[in-house]
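Residue-level listing of the chains:
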Amino acid sequence: LQHFCLTSTVTDVGLWTELSHEDVSYWVESGSSQVQHRCGPFSNSKRVYKKQSRCCEKVLFYSTRVNGETYSREWFVYSPSKGQIYCFVCKLFPNITFSATSLASEVFDDWRNPHLIQTHENLEKHRNAMLTYLTRKRGQMLTSKLQEQIKAEQQYWQHVMERIFAVMCTLAERGLPFRGDNEQFGSPNNGNYLGLLELVAKFDQFLLAHINRYGNSKSGNPSYL
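Residues numbered from 1 in each chain as written. Predicted model: local features only at pLDDT ≥ 70, side-chain atom pairs only at ≥ 80, totals over all residues. Heavy atoms only, no water.

A.B. asks: Would you take a moment to explain the pairing of strand E5 (residues 76-79) for this structure?
C.D. replies: Side-chain direction in a regular strand flips from residue to residue, so the side chains alternate between the two faces of the sheet. What you see with E5 is no split at all: Phe76 and Tyr78 on one side and Val77 and Ser79 on the other are buried throughout. As paired strands, E5 and strand E6 (residues 84-87) are joined by four bridges and run antiparallel to one another. Bridged to Tyr78 within E6 is Ile85. If you look at the hairpin formed by E5 and E6, you'll find four residues sitting between the two strands, and Gly83 has a positive phi there, around 70°. (Buried < 20%, exposed > 50% of the residue type's maximum accessible area, 1.4 Å probe, protein only. Helix = DSSP H or I, 4+ residues; strand = E, 2+ residues; numbered from the N terminus. Pairing = 2+ DSSP bridges.)

A.B. asks: What am I meant to see in the side chain of Ser187 here?
C.D. replies: Note that Ser187 resides in the loop between helix H6 (124-173) and helix H7 (191-201). When its relative accessible area of 18% is taken as the criterion, Ser187 is described as buried. A polar contact of 3.0 Å, which involves the side chain of Ser187, links it to the side chain of Asn182. In this structure, Ser187 is in contact with Asn182 and Glu198, ignoring residues within four places of it in sequence. (Polar contact = N/O pair within 3.5 Å; in protein donor to acceptor, adjacent residues only side chain to side chain. Contact = heavy atoms within 4.5 Å.)

A.B. asks: Please explain H7 as it appears in this structure.
C.D. replies: Since the α-helix packs 3.6 residues into each turn, any two residues three or four apart lie on the same face. Considered for burial, the residues of H7 that qualify are Tyr193, Leu194, Leu197 and Ala201. Projected down its long axis, H7 carries its buried residues within an arc of 90°, all on one side. (Arc of directions from axis to C-beta.)

A.B. asks: Would you mind showing me how to read unusual backbone geometry here?
C.D. replies: Backbone phi values are negative for most residues with the exception of glycine, while trans is the configuration of most peptide bonds. The step from Gly40 to Pro41 runs through a cis peptide bond, and the omega angle for that step is 10°. The phi torsion at Lys50 lies on the positive side, around 55°, for a residue other than glycine. Mapped onto the elements, Lys50 comes out in the loop between strand E1 (47-49) and strand E2 (52-54). The exposed category is assigned to Lys50, whose relative accessible area is 85%.

A.B. asks: Sorry if this is basic, but what is going on with helix H1 (residues 21-30) here?
C.D. replies: Of all the positions in H1, only Asp23, Val24, Trp27 and Val28 are classed as buried. One face of H1 carries all of its buried residues, which in axial projection span an arc of 130°. Facing away from the buried side of H1 by over 90 degrees, the exposed positions are His21 and Glu29. Directly beyond the C-terminal end of H1, a positive phi value near 85° is found at Gly31.

A.B. asks: Can you help me understand the nonpolar core in this one?
C.D. replies: Core analysis: the largest hydrophobic core is formed by 31 residues, its most contacted members being Trp16, Cys56, Phe88, Val89, Leu92 and Tyr133. Within the residue set of this core, elements represented by two or more residues are H1, E5, E6, helix H3 (88-92) and H6. With four residues, the top contributor of residues to this core is H3. Ignoring anything within four residues of it in the chain, the contact list for Leu92 reads Trp16, Leu19, Val24, Trp27, Val28 and Tyr133. Formed by 13 residues, the second largest nonpolar core is a distinct cluster that contains Ile164, Ala201, Leu207 and Ile211. (Core = buried A, V, L, I, M, F, W, Y, C linked by side-chain atoms within 4.5 Å.)

A.B. asks: Sorry if this is basic, but what is going on with the packing of H7 against helix H8 (residues 205-214) here?
C.D. replies: With their axes 8 Å apart at the nearest point, H7 and H8 run at an angle of 130° to one another. Between H7 and H8, the angle is such that the two are oblique. Within the contact between the two elements, H7 uses Leu197, Val200 and Ala201 and H8 uses Leu207, Leu208 and Ile211. (Axes fitted to C-alpha atoms, helices over the stretch in contact; angles between N-to-C directions. Parallel < 35°, antiparallel > 145°, perpendicular 65-115°, else oblique.)

A.B. asks: Would you explain the packing of aromatic side chains in this entry?
C.D. replies: Think of a pair of aromatic rings as described by two things: how far the centres are apart, and how the planes are tilted against each other in angle. Enumeration according to the criterion identifies 13 aromatic pairs in this entry. Judged by centre distance (6.0 Å) and plane angle (25°), the ring pair of Phe178 and Tyr193 falls under stacked. One end of the pair, Phe178, is in the loop between H6 and H7; the other, Tyr193, is in helix H7, and 15 residues separate them in sequence. Exposure remark for Phe178: the relative accessible area of 30% places this residue in the partly exposed category. (Phe/Tyr/Trp six-rings, centres within 6.5 Å; stacked < 30°, edge-to-face > 60°.)

A.B. asks: Got a minute to help me understand the confidence of the model for the protein in this structure?
C.D. replies: Should pLDDT be low for a region, the predicted coordinates there are not to be read in detail. When the pLDDT values of the protein are averaged, the result is 85; 88% of them are 70 or greater. For residues 1-8, every residue scores under 50 in pLDDT, and the model assigns this stretch 17 contacts once sequence neighbours within four places are set aside. Here residues 97-101 is a poorly scored stretch, pLDDT under 50, and it has eleven contacts once near neighbours within four places are set aside; other chains count. (pLDDT = per-residue confidence, 0-100.)

Structural data, given as C-alpha cells:
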C-alpha cells in the first residue's frame, strides 16, 4: 500500500485510498490540522442549485453547544481537489463504525443542508470512531513520553560511564591502586579512584551533580561510582 504520509498529496483527504496501519498511526499522532484546510481554497466546492450557487464556508468548521459555547469540529476536513467534506476519524477507523458512515465512505457537499453535518456528528458510529481516535492518541502520547524518558535516562548513564571509564583507564595505565582506606566521597583517604573523580567534578558540573546525588548512597542504589 502507498503510504500517504510520505507523499506530497498527504494533506488532501480526497486523494487518500486505503490507509495502512502505519498511516493511521501517523495521523493519530499528527491530528487533523494538516488536512482540514479551514481557509480553503473553496473554489472547487461550488455547487449550483437552480439559479443559486453555494460552496463550503469556514463557519462550517465550527458549531455551537447547547450552552452557547462555540467549539471547533476537529474531525471536519475539506478536500481542495474534490471540493467535498470528509470525516477524519471515520476515515481512520471505518471498521470501528461497524458500517461505514456517510462521511467516511462517501462525502458531503450539500451546502443547502448544513444540518446534515450535525446529524453525522451525533451518530453513534461517528462517536465510536471519535472515542477510538482519542483513546489511541492518548496512548501514543503516553508511549512517546515514555520513550523520551527512557532515552534521557540512557543518555544520562552513558555520560556517567564515559567519565568513570576515563578515570579508570587513567589509573590502570599508570598502574595505580584504585581503593583507599574507605569509599566515602569527601574523605582524604578514599583512594585514587574516588579522589580523581572528585578532582574531575570540580570542573565538570554534570559529574559533580551525579556525585552529590549518588556519591555516598546506600547499597542497592546504582551509581556506578
